[in-house]
Structures are given as C-alpha cells and as structure tokens.
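Structural features, examined
The residues making up each chain are set out below.
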Amino acid sequence: MLLVLSDGDLHGYGIMKEVERESRGTVRLGVGSLYRTLSRLLDSRLIEEAGGGADAKGAAARLAAAREREEQRRYYRLSPFGRQVAKAEAERLREVLRLARAKGLVEAAGDTP
Amino acid sequence: MSDPRQRATLDGRGGRLFGWLLRAYPAAFRARFGAEMRAVFAERLHEELEQAGRWGVLRLWLRSACDLAATGCAQRAAAATALAARLSARAASSPCRHRQVHRQGDGTMSKLFQDLGYALRALRKAPGLTLVSLLTLGVAIGANTAVFSIVNGVLLRPLPYGEPERLFTLWERGADGKQENVGYATFVDWQSRIHSLQSLAAIAYWAPSVSGSGTPERLEGLRVTRDFFRTLGVRPAIGRDFLPEEDQRGRHHVAIVSYELWQRRFGGDPQLVGKTIVLDGLTYTLVGVLPRGHQTLISTGPNKPAEIWAPLAYNSSLPWACRDCHHLRVVARLGRGVPLVRASAELDALSRALFAEYPKEYEAPGVIFIPLEEYLLADYRRPLAVLLGAVGFVLAIACANISSVQLARSQRRQGEIAVRTALGATRSRLAQQLLTESVLLHLLGGCLGLLLAAGSLSILVRHIPPNIPRLAAATVDARVLAATFAVCLLTGVAAGLAPARHLLGSELRAAASAAGAGTAVRRRRLSGVLVSADVALALVLVIGTGLMVRSMLHLLAVDVGFETRGLLAAEISVSGPRFDGDAKIVAFYDRVLERVRSLPGVEVAAVTSQLPLGGDFDGRGVRLFDRPNQSEAERSSAQRYAVSPDYLRVMRIPLLRGRGFGPGDLTKTAPAVMINKALSERVWPGQEPLGKRLQIGGPDQPWRTVVGVVGDTRHVGLDLPPPLQLYLPQRQFVDSDMILVVRTAGEPQALAAAVRRAIWEVDPDRPITRLATMDRVVEVSLGRRLLLQRLLILFAAIAVLLAMIGIYGVLSCAVGERTREIGVRMALGARRSTICALILGAGARQTAAGLAAGVVLALALTRFLGSLLYGVTAQDPITFGGLALLLAGVAALAAYLPARRAMGLDPVAAVRAE
C-alpha cells in the first residue's frame, strides 16, 4: 500500500484499484481490510490525509471539486516518515533477494520478465 | 478519477445492509471511516455490476460481509487490547484493589474478538465447505425454529385471559364417569351456592344468520350468561360488557362482536356501538367490540372461532332450562388464593346433595374440573411433540454432518495447529479457538435458519389445515429467538467438541510420530461413528414417517360406505320469523332442490340434517317397542339423519333390505325409519328388522316402523367404526339447518358457484356455509393427521438427504486420504473390484451399525405415536424392514460415487500424490 501511495495521492477506491492492478489481480482488498490497514498506517503516521500538508493548494482545489460533487472524499498520501519506511523495507527486501540469489534459491535478475 | 455521472450511490436496502455490516466495527472506527467505506463499497458494487452482472454483485456482497466481519472483530480486539493496556497502566499507577479483575475481564473480551476474527478467516478459507455447512445448518435450524414457533404459539404462550391458571371448565359426571354437559338448573345451583369460585358462566352454541345489508352469512357465536367476559378477564375494547339485567328474557337482544367481525362486516365503523344488526330475523343492538388480536378460543369448534356473543337469558320456566337438559358448557374462575381441592370438595358436596334430592335427573354424583388450558389444547400436544422430535432429529443429523466435516478439515489444519503450539499457544487457548469457530458457524447457520423460518412460517401456517387453535398467532417472538440462540450455542459446542478433542489429542502425539498415521485411523473411526449416527437418526425419522404414511394409506382405503367422489355439499340455514312453521321450511328446501336439480351437470340432489364426516353429531336414544322394560343405560344411541327421498341415491349408500323413502313419506303418513346394518345387528341380531317399531328421543315421539336397512357409513372419522345410524323422512322431522348434497356428472367444484346462485335465487337472505366437495370434507376430517404426515415427510426427506451427504462426504474424504494407499495396492496387483469393495465395505460397516442402532431407537420411540397410528402397529415389521432396506440402498448409492473414484485412480499418479 505504501508503494501504491508513493506514486501520488489517492483516495480509498483508488488505492484499492491500484493494489489490484500492481499485484496483477492477485491481491483484492475488501473494504474492511482496506480501511483497517489505512487506520493502522494513519495511527503509526506512515501515511497522512492529504490536505493538511505542504500540498495545500492542490488539496484545496480537490476539496472544492469534491464539494462540487456533493460528497467528501479523503485523499491519502505517504508521509515523509512513511516514505523512509517504504524505502528501508525495499532495501531490506533487495538484500534478502540478493542473498537468495547467491544461494541459488531464485533465478538471477533478468531471467524473469 | 471516476466520472461524477458514473458515481454509484448506496441507498435503500443495500445501504441499510451495509450499515448493519459496518456495526462489526467499534463505533469510533465507524465514525472515522464509515462514510468513506460506504462510498468505496458503492463504487466497487457499481463496477462489479458492470463487469460480472448480478452474480458478481452477490459474490462481492458475500465476500465483503466476511471481510467486514473478520476485520471488524480484529479491530475490536485491537481496541480492547489497547483499552486493557491503558487501564492496566492506570491501575498500576493508582492503588486499585480490583485491578486484577479489570485486566482479566478485558483480556477475555479481547481474546474473544481475536478468536472471532480467526474463526471468520478460517471459515472464509474454505468457502465451499462453509457454504454447504451453513446451508445444512440453516435448513435444520430453520425447520426447528419454524416448528418451535408453532409449538410456542399454540401450546406455550399463556391463554389470552387474565390469570389463566385460575380458569377451569366444569362438567357433570356422566354414568360412564366421563364429563357431561351441564343443565341450566344445576348451573344456577352452582352459581348461587358455591363460594370458592369467584365467578362462573354457562355457554351455549349459537350460529345466527345475519341478513339485511351485505351478503347473508352464518356467524359462529356463543350465547353466554352475564359473567362470561368477567370470568375470563376480558374487557371489550370499544363499548361495554353485558349488563346483569340483559341476561333476562326480553332484554337480551344485545350483542358483542369480535374485532375481526367488526372489521370484516362493519368496515371498522367507529360509531358501531348502539347500531343494530338483524340476526335470525330479530334486531339486536351492538354494545361492544372485543380487543384486537383477542383469540376467541372458547368456541363451537377449533376451526370456528366465535365472532359474536349474546346473553343466554335462560330462566327456569323454559323447557330447555331443566336439570337434565345437558347442553351447557361451564367455565369458572377459582377464587383468589383458593386451592383447587377446596373448590372441588365444595362442589362435590353440593353435587351429592343434589343427587340425593333429584335421583332421576342425575346419572351420577360428582363434578369434573378440567383446567381451561388442558381442555382447549390437550389434543394438540402429542402431534406437536412428534413434530418437534422430528425436527430435533434433523438438527442432530445436521450436527453430526458438521462435526464430520470439521473432523475432515482438521487433517489439513494439523500444520496450522502445530505452528500455533510452537508459537506458544496453550491447549485450552486452542480449544477455545476451535470451539469459537464451531459456535460461530452454528450462529451464522442460525441466522440463516431464522430467515428461512420467518419466511416459511406463514406458508406453513397457510398450508396446514386450520383446525389447530391459535395457529395463526404463531410468530417468531422473543422466546423463539432465545430458543434458537440457545440451540445454536449448544449444537455449536456439541459439534465442535469432537473435532477439537481430536485435533488437540493428535497434536500431542503428532509432535512425536512423523506423519500421524495412527491419528488418521482414529479420526476415520470417529467419522465412521458420526456416519452411523447419521444413518441411525435418519432411520428413526423415516420409520416414524413410514408408519404415519401407512396409517394414512389404510385410512384412505377405508370404505366410508358412500361414494365421496363427484359430490358437492353446502350447508343452508333457515331461521327467523319468516320460517315460523315446518311447512314453510319444507317448502323452501323443496324449491331449492327443484332449482338445483335443473342445473346442467347435476345428476341428483338431496338434503340431510347432518353430513357423515362433516363434524356434526346428533345422537338420539332409541326405545324399542318390543323391549319396553329396557333401562336408560341399556338403550342404544344412534346418529339421526333427517333426509329427503333421493339421499341414498346421491350418496350411493346401498339399500340392503326393504325400501327407501319416496314421495309418499309425507308429514301425515305413517312414521317411517330406515336403520343401518350396525343398528339392525345390535338390537335385532338374527331377526327380521323390517316392520319392527322404535321410538327416537323422548316418550312424546311417535312410534316409527322400520321400512328399510341400509349400509353403514363412517361418521365421526375415518379411523372410527361406523356408529349406529337411523334415517327419518325430512318431512316427518323438520330441521331448520340442512345440508344440500349434490351428485355431479363432472368435477363438483365447478358447480359450486351455480349451486350458490340457485339457492340465492330462491331466497337471497339465506347464508350458505361449508360449500365444499365431499373429498375436501374428508380431507378436513383428517386434518390433524394430514398436517403431521406432510411435515414428517418433508423432515424425513431432509434427514435422508443429509445422511446421504454425510456418508458421501466422509467416504470421499477417506478416498482422498487413502489415495496413496490405494495406488500402492493397485500397483501390487489389487483388482479394481477389490478396491471398490474396500471403500464400499467401510461404508457398509458404518451403515449397518447405524441401521441396527436406528432400529433399536425406533422401537423405543415409535410407541409415542400411539393413537396417531391406524391399521399398523408401532413395531410394524414390514415398515421397519422395508425402510431399513431403502436406507441401506440410499447409503450404498452415496458410497458408490467415492468408490468409483477410487477404482478409477491411476496407480502411478496415486503413488506420486502428496
């Protein structure tokens, strides 16, 4: 989910669709799972609601647009801390992958499409 | 981003459902994300509808329901843990004595939510199994809930009267010791001389015809003494109760109506009180309307709830108010705090005194008390108990199935359990988790069952014959809900125990042994026991049903003594000042018969004072001319039918000797009578009955000459032998209410409307009741049995189906597990037939054990059917043997499919499997 949000701000439904697309349809989040995860990420300050941060102008524009559609839709984005965590996790996975390759557990990079 | 025009909204029923699902979450979470989740779900729904249509939508709903419930529980668990942590932190900082308690309490809650979360996830992992399990449980629990709703509504709910436990019916004791109706003079003595009763009231039948505006109809009513409603503790919702002076002749033309009649006949007119109604040609003033939903249980018959009440207004000068005019029923309310024995003793003393004073008028001293509830409902206890037992069996079978399914799954879950144990889960914690899963499954099944029950209850109530009181009032109320909940919990724990014990037992051993081959055998043995239980329970149910069906077949094969097919019956009632003489009544029926005979499709028509199997009774004492010294007790009592000349031809009752009635049997001609074979054999065995003389009823009646002997007809019911019967010419014994019987060329129902028109052409004010085919009349007379039989067949079918699923499931699971073994056997040269025998043999052993147990259980239980059986004994060997064979066949069929799969295995692939 952090990876999905690293591309830009998204609202709930967008996150759901992106996760599905990027996992090539293997991960389909339910509404409940999605929001439970979101709440955990929010509580641990890995993500934040778009609108209160630096991108206030864009958010304000979006808020106005949202009001036009007569509904409130919250957008979420990666917090700086979340970006760091995502980065660290990716690094860690890369290290794991490197080790796995060295031991011959998976094929080397480039073999898989 | 999506186009605003395509934005879907979630409203109406879907919105409510989603809102309800959201309740799985803590309120705080809902407040924070609820609206958003709703919006996202709406969008998903919209998308799914476009991509995959309705099935997609359904799939999404199901998946989301599971998802929301599981994550909701997890969220609550997290919240509870957080709360516990905060509380314990606070408790640690302040010297609180209850701190230990607090921590424990919150810990339990959080664990419970955690378990629920796990359980939902586990159920979701095997959606097919979960779905089948839920359907099984839903049907079984639904059937139980529906039947219990009926039992609850009919038997368990208190009578709709104030303090019903103080209400009794009172009867004189007859010569045979049985209860006898009460004469008015006796009632007056009771009323004035007994002090342990708070009040009592006498009741007489009354079926007035209402004419004037609207369709003429015959109402079901009661004539009651002034304290009737006060005794019952019922007060009119509109208007007032009867006044004491209205129970006197001359002032008694007042009436109280039921809420239903008020709605039906008077359109709920709020100004009804004070208006008048014409009953039997006399004007009555309406003084009150009973409360809505008041069940008029005291009535002329169980399927004829009373709708209108008027004062009895007897006084001792009336000829029918004598001491031995036994035709009143008495209901009494015991004084507050008075024990029944005291009232009983007081009445017995009075009764003995009266018996000494009037030895001729009483048959025996003594008064019989029957609690009102017993009097009204006793007949329905046994059939309803049988039904409840039957659905209980269905539920037990369903539980056994669920148990074996969970057992089979435990194979696949051994890994999971092992990991949990390794991570430090204790045995009790794991057991708790497994039981939670089972209970949750049963609760979900229970919810489904409740929906099914609520949906099917009204259909059930509508399709069973309406001769059970209060049936319409059967609803899913708080007690039914509580019972269903309790059943779910209980069965959940019961069905969860076996798998849980097994899993935890095996977990200890599996830690040591490598593959746990021993546990697999043990588990297979356990599921074998469950299969046997399935078969045994199903067999009991099938045998019980078989006995009932055979009874019904015997009953339907009974020769009723007349031809029921192609016969239409309609009851017509004449009353009021316009029919004040016998001649007018006879003329009316003559005109009706003439009109009806001229209808196309009518072969022949007649009238009779009572219809066989129609629920009417008119027993009269018979005095014989050649035996003048016969005492009252020795005299026979026979059913009396006043009939028009063509009656025998219409009913196709055979004339055995002598002649039938003809147009020559007129009012003034010699009094004639026809008797049935049974009466002839009873009073003149071996003698020529023709020409003998007899008297019907009191000594004021004329002596009648027997002119013919006719065949017997069943009268009271198909299961009771024909009574003694005698037939009089209608003109010599005129009744006001007659039943028109019409023999038709084609389908009788098709003529119903024409017959009704023909009667109304003669007199548009005559009410017509019970217009029905004779086949229908017979069916109604079978009512209680038919209901029982239909439902039993349904439940037995469900039981057999469940047992089949059980056998199939367990055996195919066994084949799956033994794939490798079977492969090895085949590789070593075992023939396919041997493999087939191996699998079928396992099934056969379990089935045989089940059948044996089932036969024993059935022998013990079927005797409770007792009086419900006809023509078969409760241990009927043909039923037992035949149905055991049938069930064995069904079991073989269920076992054959897995066996065939085992035979078809490719040995090479089988050995490689796993």
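Criteria and thresholds
Counting starts from 1 at the beginning of each chain's written sequence and moves along it residue by residue. Working convention: letters from A go to chains and numbers from 1 go to ligands, in the order in which they are written. For this predicted model, a pLDDT threshold of at least 70 governs which residues receive local features, and a threshold of 80 or more governs which side-chain atom pairs are given and counted, while totals over whole chains, interfaces and linings are taken from all residues. In computing side-chain properties, one takes all heavy atoms of the structure into account and sets aside hydrogens as well as water. Secondary structure elements are defined from DSSP: runs of H or I of at least 4 residues count as helices, runs of E of at least 2 residues count as strands, and each element is numbered from the N terminus. For each residue, the accessible area found with a 1.4 Å probe, counting protein chains only, is set against the maximum for its type, and the residue is called buried under 20%, exposed over 50%, and partly exposed in between. Contact between two residues is taken to exist if any of their heavy atoms lie within 4.5 Å; hydrogens are not considered. Methods summary: accessible areas were calculated by the Shrake-Rupley approach with a probe of 1.4 Å, and residue burial reflects only the protein chains presented. Should DSSP find at least two bridges between two strands, the strands are regarded as paired. Throughout, an axis means a line fitted to C-alpha atoms (over the contacting stretch in the case of helices), and angles, computed between N-to-C directions, take values from 0 to 180 degrees. A simple way to read buried area is as the amount of 1.4 Å-probe accessible surface that goes missing from two parts once joined, with both sides added. Put simply, a salt bridge is a Lys or Arg side-chain nitrogen that is within 4 Å of an Asp or Glu carboxyl oxygen. Within 3.5 Å is the distance limit for a polar contact, defined as a pair of N or O atoms, with the added protein rule that one can donate a hydrogen and the other accept it, and that residues adjacent in sequence qualify only through two side-chain atoms. For this scheme, ten residues count as nonpolar: Ala, Val, Leu, Ile, Met, Phe, Trp, Tyr, Cys and Pro. Four count as charged, namely Asp, Glu, Lys and Arg, and the remainder, Gly too, count as polar. Ring pairs shown here join Phe, Tyr and Trp side chains whose ring centres sit within 6.5 Å, with only the six-membered ring taken for Trp; geometry is labelled stacked below 30 degrees between planes, edge-to-face above 60, and tilted in between. Only lysine NZ and arginine CZ atoms are considered, and such an atom sits over a ring when it is within 6 Å of the ring centre and within 35 degrees of the ring normal. Reported orientations rely on four angle classes, namely roughly parallel under 35 degrees, roughly antiparallel over 145, roughly perpendicular from 65 to 115, and oblique for the rest. Two helices cross in a left-handed way if the nearer one is turned anticlockwise from the farther one by less than a right angle. They cross in a right-handed way if the turn is clockwise. Patch building starts from residues that exceed 30% relative accessible area and form no salt bridge, then joins like charges within 9 Å and nonpolar side chains (Val, Leu, Ile, Met, Phe, Trp, Tyr) within 5 Å. What counts as a disulfide here is a pair of cysteine sulfur atoms lying within 2.5 Å. Known as pLDDT, the predictor's per-residue confidence is scaled from 0 to 100.

1. Describing the overall build of chain B
Within chain B, the secondary structure is distributed over 22 helices and 24 strands. The buried share of chain B, taken over its 914 residues, is 52%. The long-range fraction of contacts in chain B, counting pairs at least 24 apart against all pairs at least 6 apart in sequence, stands at 80%. Within the structure as shown, chain B displays about 41800 Å² of accessible surface, and the carbon and sulfur contribution to it stands at 59%.

2. Topic: the environment of Met651(B)
Residue and element names in this part refer to chain B. Of note, Met-651 is situated in helix 14 (residues 647-651). Residue Met-651 is classed as buried on the basis of its relative accessible area, which comes to 0%. Spatially, the C-alpha atom of Met-651 lies 7.9 Å from that of Val-741, the residues being 90 residues apart in sequence. When neighbours within four sequence positions are excluded, Met-651 is seen to be in contact with Phe-562, Glu-563, Leu-567, Pro-612, Val-741 and Arg-743.

3. Quick word on the sheet that holds strand 1 (residues 10-11) of chain A
All names here are of chain A. Taken in spatial order, the three strands make up an open sheet running 1-3-2, and their pairing is antiparallel. The sheet terminates laterally at strand 1 and strand 2 (47-49), the two strands that pair on one side only. Each of strand 2 and strand 3 (75-78) touches helix 3 (residues 31-43); the most contacted strand, strand 2, lies at about 100° to it.

4. Topic: the interface of chain A and chain B
Contact with chain A, which involves 25 residues of that partner, is made by 25 residues of chain B. For the pair chain A and chain B, the summed buried area comes to about 2200 Å², and 50% of that belongs to carbon and sulfur atoms. Three residues stand out in chain A for area buried against chain B, namely Tyr13(A), Tyr35(A) and Arg36(A), and they jointly supply 29% of the buried area on that side. In this assembly, chain A and chain B are joined by one salt bridge. Notably, a salt bridge pairs Arg32(B) with Asp43(A), separated by 3.5 Å at the nearest N-O pair. One can count three residue pairs in polar contact (both at pLDDT 80 or more) joining chain A with chain B. Those elements that provide at least two residues to the side of chain A that touches chain B are helix 2 (12-22), helix 3 and strand 3 of chain A. Among the elements that make up the side of chain A that touches chain B, the one with the highest residue count is helix 3 of chain A (nine residues). Looking at the side of chain A that touches chain B residue by residue, the class counts come to nine nonpolar, seven polar and nine charged.

5. Comments concerning the side chain of Thr484(B)
Mapped onto the fold, Thr484(B) is located in helix 11 (residues 478-512). In this structure Thr484(B) touches Ile141(B), Thr145(B) and Leu450(B), once residues within four positions along its chain are discounted.

6. A look at the pairing of strand 20 (residues 693-696) of chain B
Residues and elements named next belong to chain B. Direction of pairing for strand 16 (residues 619-624) relative to strand 20: antiparallel, over a ladder of three bridges. Bridge assignment links Leu-624 to a residue of strand 20, and that residue is Leu-694. Here strand 20 folds back onto strand 21 (residues 703-710), and the loop between the two strands holds six residues, one of which, Gly-697, carries a positive phi near 85°.

7. Concerning the packing of aromatic side chains
Here the structure, examined in full by the defined rule, presents 19 aromatic pairs over all chains. Where Phe228(B) meets Phe229(B), the ring centres are 5.0 Å apart and the plane angle is 75°; that geometry is what we call edge-to-face. Comparing Phe228(B) with Phe229(B) shows no difference in burial state: the two are buried. Each ring, one from Phe579(B) and one from Phe588(B), has its centre 5.6 Å from the other, and the planes form 75°; the classification is edge-to-face. The class of Phe579(B) is buried, set by a relative accessible area of 11%. Taking the relative accessible area as the measure of exposure, Phe588(B) reaches 2% and is therefore buried. What links up through ring pairs into an aromatic cluster is the set Tyr35(A), Tyr25(B), Phe29(B) and Phe33(B). When the ring centre of Trp206(B) is taken as reference, the NZ or CZ atom of Arg223(B) above it lies at 4.5 Å. The cationic tip of Arg323(B) hangs over the ring face of Tyr358(B); the distance from NZ or CZ to the ring centre is 4.0 Å.

8. So, the pairing of strand 8 (residues 254-257) of chain B
Residue and element names in this part refer to chain B. Along strand 8, one buried face is formed by Val-254 and Ile-256 and the opposite face, lined by Ala-255 and Val-257, is buried too. Where strand 8 and strand 10 (residues 282-289) come together, four bridges link them in parallel fashion. Bridge assignment links Ala-255 to a residue of strand 10, and that residue is Leu-286. Here strand 8 pairs with strand 11 (residues 308-311) via two bridges, running antiparallel. For Val-257, the partnering residue across the bridge sits in strand 11 and is Ile-308.

9. Focus: the packing of helix 5 (residues 184-193) of chain B against helix 8 (residues 340-357) of chain B
All names here are of chain B. Remark: helix 5 packs on helix 8, axes separated minimally by 11 Å, with the N-to-C direction vectors making an angle of 130°. Here helix 8 runs oblique to helix 5, going by the angle between their axes. Seen from above, helix 5 lies across helix 8 with right-handed handedness. Mapping the contact onto sequence places Thr-186, Asp-189, Trp-190 and Arg-193 in helix 5 and Glu-346, Leu-347, Leu-350 and Leu-354 in helix 8. Along the lines of polarity and charge, the residues of the contact of helix 5 with helix 8 split into four nonpolar, one polar and three charged.

10. Some points on the environment of Val706(B)
Residues and elements named next belong to chain B. Examined against the element boundaries, Val-706 turns out to sit in strand 21. Residue classification places Val-706 among the buried positions, given a relative accessible area of 2%. For the pair Val-706 and Pro-689, spaced 17 residues apart in the sequence, the C-alpha separation amounts to 6.8 Å.

11. Brief notes about a nonpolar patch on the surface
All names here are of chain B. A contiguous nonpolar patch, built from Leu-131, Leu-135, Val-139, Leu-448, Leu-451 and Leu-452 and spanning about 530 Å² of accessible area, is present on the exposed surface. Secondary-structure elements contributing two or more residues to the nonpolar patch are helix 4 (127-156) and helix 10 (427-463). Within the secondary structure, Val-139 sits in helix 4.

12. Some points on the state of the cysteines
Residue and element names in this part refer to chain B. Under the definition given, this model contains zero disulfides over all chains. Cys-488 supplies the cysteine sulfur nearest to Cys-399, a cysteine that is in no disulfide, at a spacing of 9.4 Å. Given a relative accessible area of 11%, Cys-399 falls into the buried group. The thiol sulfur of Cys-488 is not disulfide-bonded, and the nearest other cysteine sulfur, from Cys-447, lies at 7.3 Å. Judged by relative accessible area, which is 2%, Cys-488 ranks as buried.

13. Topic: the pattern of salt bridges
Residue and element names in this part refer to chain B. Enumeration according to the criterion identifies 35 salt bridges over all chains in this entry. In this structure, the salt-bridge partner of Arg-230 is Asp-241, at a minimum N-O distance of 3.4 Å. Remark: Asp-241 occurs in the loop between strand 7 (238-239) and strand 8 and Arg-230 occurs in helix 6 (residues 228-232); sequence separation between them is eleven residues. Assessed through its relative accessible area of 39%, Arg-230 is described here as partly exposed. Here Glu-821 ties to Arg-825 by a salt bridge, and the two come within 3.0 Å at their closest N and O atoms. Within this pair, Glu-821 and its partner Arg-825 are both found in helix 19 (residues 819-827), separated by four residues, close to a single helical turn. Several salt bridges share partner residues, and in doing so they unite Arg-44, Glu-47, Glu-48 and Arg-59 into one network.

14. Some details on the confidence of the model for chain A
One rule of thumb: low pLDDT means the predicted coordinates there are not for detailed reading. Residue and element names in this part refer to chain A. Looking at chain A, pLDDT values average 72 and 71% of them are 70 or higher. Mean pLDDT across the elements of chain A bottoms out in helix 4 (residues 56-68) (51) and peaks in helix 5 (residues 80-102) (86). The model gives residues 52-57 a pLDDT under 50, and that stretch makes seven contacts with residues more than four places away or in other chains. A low-confidence stretch, residues 67-71 stays under pLDDT 50, and its non-local contacts, those more than four residues away or across chains, total four contacts.

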